[in-house]
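An overview of the molecular structure
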Amino acid sequence: MRRTHYLLLVFILFAFHVQSFAYGESEDKFDEIVSQLQGMKAVLENMKQDYETRLKEMQEKIAVLEKERAQTTEKVSQPTSTAEAPIAGAEEIRMKKKEYDAVVGKLQEMESSLENMETNYDSRLKNIQETYDSRLEEVQQKIAVTPQPAEPETGQWSPAQPLTLWSMGKNYMNISFDGLFAAAGSTAKDLETLETGGHDPNQRGFTVQNLEVVFEGAVDPYFRGQSNIIFQIDKDGESFLEVEEAYLTSMSLPLNLQAKAGTFFTEFGRLNQFHPHAWDFADQPLVNGRFLSPDGLRNPGARLSWLAPTSNYTELFIAVQDSQGETVRSFRNEEALFGREAVDTRVRNMGDMLYVPRIATSFDLTDEQTILLGASAAFGPNSTGTDENTLIYGLDMFWKWKSKYAAGGFPFITWQTEVMGRRFEAGADINAELPDEVMNNWGTYSQIAWGFKKRWVAGLRGDYVDGEKYAEDPLSYERWRLSPNLTFYPSEFSKIRLQYNYDDILENDNTEHSVFVQFEFLLGSHGAHKF
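Per chain, residues are indexed from 1 in the order of the written sequence. Totals for whole chains, interfaces and linings use all residues, but because this is a predicted model, local features are given only for residues with pLDDT of at least 70 and pairs of side-chain atoms are given and counted only at 80 or more. Each side-chain value is derived from all of the structure's non-hydrogen atoms; neither hydrogens nor water enter the calculation.

Turning our attention to the overall build of the protein chain. Along the protein chain, the regular secondary structure elements total four helices and 17 strands. Note on exposure labels: buried denotes an accessible area under 20% of the residue type's maximum, exposed denotes more than 50%, and partly exposed covers the range between, all computed with a 1.4 Å probe on protein chains only. Counting over 531 residues, the protein chain shows a buried share of 38%. The contacts in the protein chain between residues at least 6 apart in sequence include a share of 61% that link residues at least 24 apart. Every helix listed is a DSSP run of H or I at least four residues long, and every strand listed is a run of E at least two residues long, numbered separately from the N terminus. Note on definitions: a residue-residue contact is assigned when non-hydrogen atoms from the two residues lie within 4.5 Å.

Written as structure tokens, this is what we have:
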């Protein structure tokens, strides 16, 4: 035990000086430190040897005295009669007993002294350890903001390994990159009149759907941070960069609470929370693009959630976000809906914000089946008037079957469905001669994915949206779509997808056919998505 303490002390002193050396000590200084440490090590070794010698001598003395005491006790305990003369040597025995007691007392005193020394030593060692930990934490904090030279390679790099910055044996920030592309052919001259999503294939030929860089990691023991930077190229060849998400998430709030703050995808429905590379199809459902926005419902704000202390998963969410911009299409959007011009409105009070409550629960139906049910709402002002509001509400369901004999996650079957309704208060537009009225619309999609063989997934999705009043193009017409696809995953870091879309535009009695080939690759460690 004591040998371990001595070695630990030497290691702590050595590590402490090496930390200082890492900040630019010269080679001569390092040699001097090593020499000092070697001298200290020799002193500690001598102390250890002296202690062991004294301990061995004490143990030998105790053993001799114990033997003599046993012999003395044996003689004293022999039976004698009152008539017999005193035993010869009894006085000598009493003298040895007194001598023995005196020696034992001294040994106990020495043992107590040694224990006090050991306690003092342990206290000093503890102080050294605390000082070392404090200095090491300061060094780590300084290194966390100072670029460090690359560490030597310890083995072959794998795509599963995170790309790390500013690390000291630990990952302070992970970086990943995802590239998503599509090649498209269609009977429609302009795919933008068919596809409602901002990341959908938008032209004949090739489309850069999404180039995404993700920065994520633990900020401290209380928060995690994540940022998603997106690069896209539109059909005219114009490039643009945007911050899709950047937010903090708490990790240690009491009462099963969690807070999120920044700019993020709103937890409305199921699909809206996922980035395009996590979709099961090459484009987003029609109802999502029309009711929420082409780029999904997202904006700066804050969200608080509560995980219920139940046997099955149940979580409540409430988000408060800005209600203006192109990522909140049905609210204070610069392009007003239903043929009206947008009215410039500002945030006057908390009533002009966007509020999004949601509840989600999940439970196992059998050992092989799990279902997740959710209900969401979003309400806030819209841009057709100063006192006009919009309400979007929806139900979602996700069911999954996975065989208990599954290998590598296959085979499996998933079924996902969302239904949304929208109540839109449209203000009067004098120039367009449009009255003050309320519009009600709804839409839905349902999709099935079948992982029939390892790395192979077949899918089928059906979409429907009713028509918007005063609609002028297929994006707002009543229509339905059928989309079968087949996806091959060479590995978890790449995929190739073939998809066919059959669009029936009911408003103008027209049909269109489109074929997409989508391919994706991933570098680095990308965090797991929600179930």
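On to empty space enclosed by the protein, then. To locate leftover empty space, one rolls a probe as large as a water molecule over the atoms. Buriedness of a pocket was judged along seven lines, with at least five required to meet protein on both sides within 12 Å; pockets are open sets of points on a 1 Å grid over the protein atoms alone, cavities are sets where a 1.4 Å probe fits but cannot get out, and lining residues have an atom within 4 Å of a point. Grid points are joined across faces, edges and corners, and a volume is the space filled by probe spheres set on the points. According to the stated counting rule, one finds two cavities of 30 Å³ or more in the structure shown. The calculated volume of the largest cavity comes to roughly 100 Å³. Lining the largest cavity are 15 residues, and of these Phe 265, Trp 279, Gln 284, Asp 295 and Gly 296 sit closest to its centre. Looking at the lining of the largest cavity residue by residue, the class counts come to seven nonpolar, six polar and two charged. Of the pockets and cavities examined, the second largest cavity occupies roughly 40 Å³. Lining the second largest cavity are Arg 332, Thr 345, Arg 346, Arg 348, Asp 352, Pro 381, Asn 382, Gly 385 and Thr 386. Side-chain classes are defined by residue name, with Ala, Val, Leu, Ile, Met, Phe, Trp, Tyr, Cys and Pro counting as nonpolar, Asp, Glu, Lys and Arg as charged, and the others, Gly among them, as polar.

Residues Phe 206, Ile 496, Leu 498, Tyr 500, Val 515, Val 517 and Phe 519 make up a contiguous nonpolar surface patch of roughly 610 Å² in combined accessible area. Going through the elements one at a time, strand S16 (494–505) and strand S17 (510–524) are the ones with two or more residues in the nonpolar patch. Judged by its relative accessible area of 34%, Phe 519 is partly exposed. For patch detection, residues must exceed 30% relative accessible area and be free of salt bridges, and they are connected within 9 Å for like charges or within 5 Å for nonpolar side chains (Val, Leu, Ile, Met, Phe, Trp, Tyr). Working definition of accessibility: Shrake-Rupley area with a 1.4 Å probe, residue cover restricted to the visible protein chains. By definition here, a salt bridge exists when the distance from a side-chain nitrogen of Lys or Arg to a carboxyl oxygen of Asp or Glu is within 4 Å.

Before going further, it helps to spend a moment on the confidence of the model for the protein chain. With 70% of its residues at a pLDDT of at least 70, the protein chain reaches an overall mean of 81. pLDDT expresses how confident the predictor is about each individual residue, on a scale running from 0 to 100. Taken together, the stretch residues 143–155 has pLDDT below 50 and engages in seven contacts with residues farther than four places along the chain or on a different chain. Below pLDDT 50 for its whole length, residues 157–169 participates in 34 contacts with residues either more than four positions away or in separate chains.

Before going further, it helps to spend a moment on the packing of aromatic side chains. Note on ring pairs: Phe, Tyr and Trp rings are taken, using the six-membered ring of Trp, and paired if centres are within 6.5 Å. Classes follow the plane angle, with under 30 degrees stacked, over 60 edge-to-face and the rest tilted. This structure, assessed with the given rule, holds eleven aromatic pairs. Ring geometry for Phe 410 versus Phe 412: centroids 5.4 Å apart, planes at 55°, classification tilted. Taking relative accessible area as the criterion, Phe 410 reaches 15% and is therefore assigned buried. By relative accessible area, which is 14% here, Phe 412 ends up buried.

Excluding glycine, a negative phi dihedral is what most residues carry, and trans is how most peptide bonds are arranged. Here the amide bond leading from Phe 410 into Pro 411 is cis, since omega sits at 0°, within 30 degrees of zero. If you trace the backbone, Pro 411 turns up in strand S12 (residues 410–426). Notably, Asp 509 is not glycine yet its phi reads approximately 55°, a positive angle. Mapped onto the elements, Asp 509 comes out in the loop between S16 and S17.

As a further point, take the pairing of strand S13 (residues 437–453). Examined bridge by bridge, S12 and S13 share 15 bridges and lie antiparallel to one another. Paired with Glu 418 across the two strands is Tyr 445, which belongs to S13. Sheet topology note: the S13/strand S14 (residues 456–465) ladder contains nine bridges and is antiparallel. The residue of S14 that forms the bridge with Trp 450 is Ala 458. In this analysis, strands are considered paired if DSSP registers two or more bridges between them.

The term nonpolar core refers to a set of buried residues drawn from Ala, Val, Leu, Ile, Met, Phe, Trp, Tyr and Cys, joined through side-chain atoms within 4.5 Å. Judged by nonpolar contacts, the single largest core of 19 residues is most densely connected at Phe 268 and Leu 354. Among the elements of the structure, helix H4 (286–292) and strand S9 (354–364) are those that each provide at least two residues to this core. Among the elements that make up this core, the one with the highest residue count is H4 (four residues). Residues within four places of Phe 268 in sequence aside, it is in contact with Leu 292, Leu 297, Val 356, Ser 376, Ala 377, Ala 378, Ile 392, Tyr 393, Gly 394 and Met 420.

Counting across every chain of the model gives 19 salt bridges. Between Glu 425 and Arg 423 there is a salt bridge whose closest N-O contact spans 2.9 Å. Residue classification places Glu 425 among the buried positions, given a relative accessible area of 19%. For Asp 503, the salt bridge is made with Arg 481, and the minimal N-O distance between the two is 2.8 Å. In this pair, Asp 503 is assigned in strand S16 and Arg 481 in strand S15 (residues 479–491), connecting sequence segments 22 residues apart. Grouping residues by exposure puts Asp 503 and Arg 481 together as buried. By sharing partners, the salt bridges in this structure join Glu 195, Asp 283, Arg 461, Asp 463, Arg 479, Arg 481 and Asp 503 into a single network.

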